[in-house]
Amino acid sequence: ALIITDDCINCDVCEPECPNEAISLGPEIYVIDPARCTECVGHFDEPQCVQVCPVACIPVNPAHVETREQLMAKYVRLQGGT
Ligand code: SF4
Ligand code: SF4
């Protein structure tokens, strides 16, 4: 999963781009739910939020480093609605 750092300027452009509805507005800045972020695996070749973020504040979450296989498994789980 990816994570939004406190460099976020709350520009709102990433939230509607997420195919997994993993991004929401938190108490101060936008946040990514690691349980829903597949790094766009299953949907796109590149993370869509990273593509649109004007300040490049969305790195890999060091607490949620995942393989492509794990991300694909998460994608399948999310598609199943569980
Ligand atoms: Fe959503 Fe993709 Fe960004 Fe993860 S990488 S938060 S799935 S847009
Ligand atoms: Fe924050 Fe970047 Fe998302 Fe804008 S696109 S809300 S700066 S994380």
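Everything below is about the structure printed above this text.
How each quantity is defined
Residues numbered from 1 in each chain as written. Chains lettered and ligands numbered in written order. Predicted model: local features only at pLDDT ≥ 70, side-chain atom pairs only at ≥ 80, totals over all residues. Heavy atoms only, no water. Helix = DSSP H or I, 4+ residues; strand = E, 2+ residues; numbered from the N terminus. Rg over C-alpha atoms; globule rule 2.2 N^0.38 Å. Buried < 20%, exposed > 50% of the residue type's maximum accessible area, 1.4 Å probe, protein only. Contact = heavy atoms within 4.5 Å. Areas by Shrake-Rupley, 256 points an atom, 1.4 Å probe, with all protein chains shown as cover. Lys, Arg positive; Asp, Glu negative; His and termini not counted. Charge placed at Lys NZ, Arg CZ, Asp CG, Glu CD. Near = heavy atom within 4 Å. Nonpolar A, V, L, I, M, F, W, Y, C, P; charged D, E, K, R; others polar. Expected span 1.5 Å × (residues − 1). Arc of directions from axis to C-beta. Core = buried A, V, L, I, M, F, W, Y, C linked by side-chain atoms within 4.5 Å.

Enquirer: Describe the overall build of the chain, naming the residues involved and giving the relevant values.
Expert: When its secondary structure is counted, the chain shows 2 helices and 2 strands. Secondary structure of the chain in N-to-C order comes out as β-β-α-α. Over its C-alpha trace the chain gives a radius of gyration of 12 Å, about what one expects of a compact globule, namely 12 Å for 82 residues. Over its C-alpha atoms, taken along the principal directions, the chain stretches across nearly 30 × 25 × 20 Å. When burial is assessed residue by residue, the chain has 35% of its 82 residues classed as buried. The contacts in the chain between residues at least 6 apart in sequence include a share of 69% that link residues at least 24 apart. Total accessible area on the chain stands at roughly 5000 Å², and carbon and sulfur atoms take up 52% of it. Positive and negative side-chain charges in the chain, numbering 4 and 13 respectively, have mean positions lying 11 Å apart.

Enquirer: Tell me about the site of ligand 2, and name the residues and values.
Expert: Neighbouring ligand 2 are 14 residues, the closest being Cys 8, Ile 9, Cys 11, Cys 14 and Cys 53. In terms of residue class, the shell around ligand 2 is made up of 12 nonpolar, 1 polar and 1 charged.

Enquirer: For the site of ligand 1, give the residues involved together with the corresponding values.
Expert: In the vicinity of ligand 1, the residues found are Leu 2, Cys 18, Pro 19, Asn 20, Ile 23, Ile 32, Cys 37, Thr 38, Glu 39, Cys 40, Pro 47 and Cys 49. Across the shell around ligand 1, the residue classes break down as 9 nonpolar, 2 polar and 1 charged.

Enquirer: Can you lay out the side chain of Gln 48 for me, pointing to particular residues and giving the numbers?
Expert: Looking at the element boundaries, Gln 48 is found in helix α1 (residues 48–52). For Gln 48, the residues in contact, after removing those within four places along its chain, are Glu 17 and Cys 40.

Enquirer: Lay out helix α2 (residues 68–80) in plain terms, naming residues and giving numbers.
Expert: For α2, built from 13 residues, the straight-helix expectation of 18 Å at 1.5 Å per residue is met to within 8% by its first-to-last C-alpha distance of 18 Å. Buried within α2 we find Leu 71, Lys 74, Tyr 75 and Leu 78. Projected down its long axis, α2 carries its buried residues within an arc of 105°, all on one side. Seen from the open side of α2, the exposed residues pointing more than 90 degrees away from its buried face are Glu 69, Val 76 and Gly 80.

Enquirer: Break down the nonpolar core for me, citing the residues and quoting the values.
Expert: Within the largest apolar cluster, 16 residues are counted, with the highest numbers of intra-cluster contacts made by Ile 4, Ile 23, Ile 32 and Ile 58. Not counting residues within four places of it along the chain, the set of residues in contact with Ile 23 comprises Ile 4, Cys 14, Glu 15, Cys 18, Tyr 30, Val 31, Ile 32 and Cys 49.

Enquirer: Which residues make up the environment of Gly 26, and what values go with them?
Expert: Mapped onto the elements of the fold, Gly 26 is located in the loop between β1 (23–25) and β2 (30–32). Residue Gly 26 is classed as buried on the basis of its relative accessible area of 18%. Sequence separation of Gly 26 and Asn 10 is 16 residues, and the distance between their C-alpha atoms is 9.9 Å.

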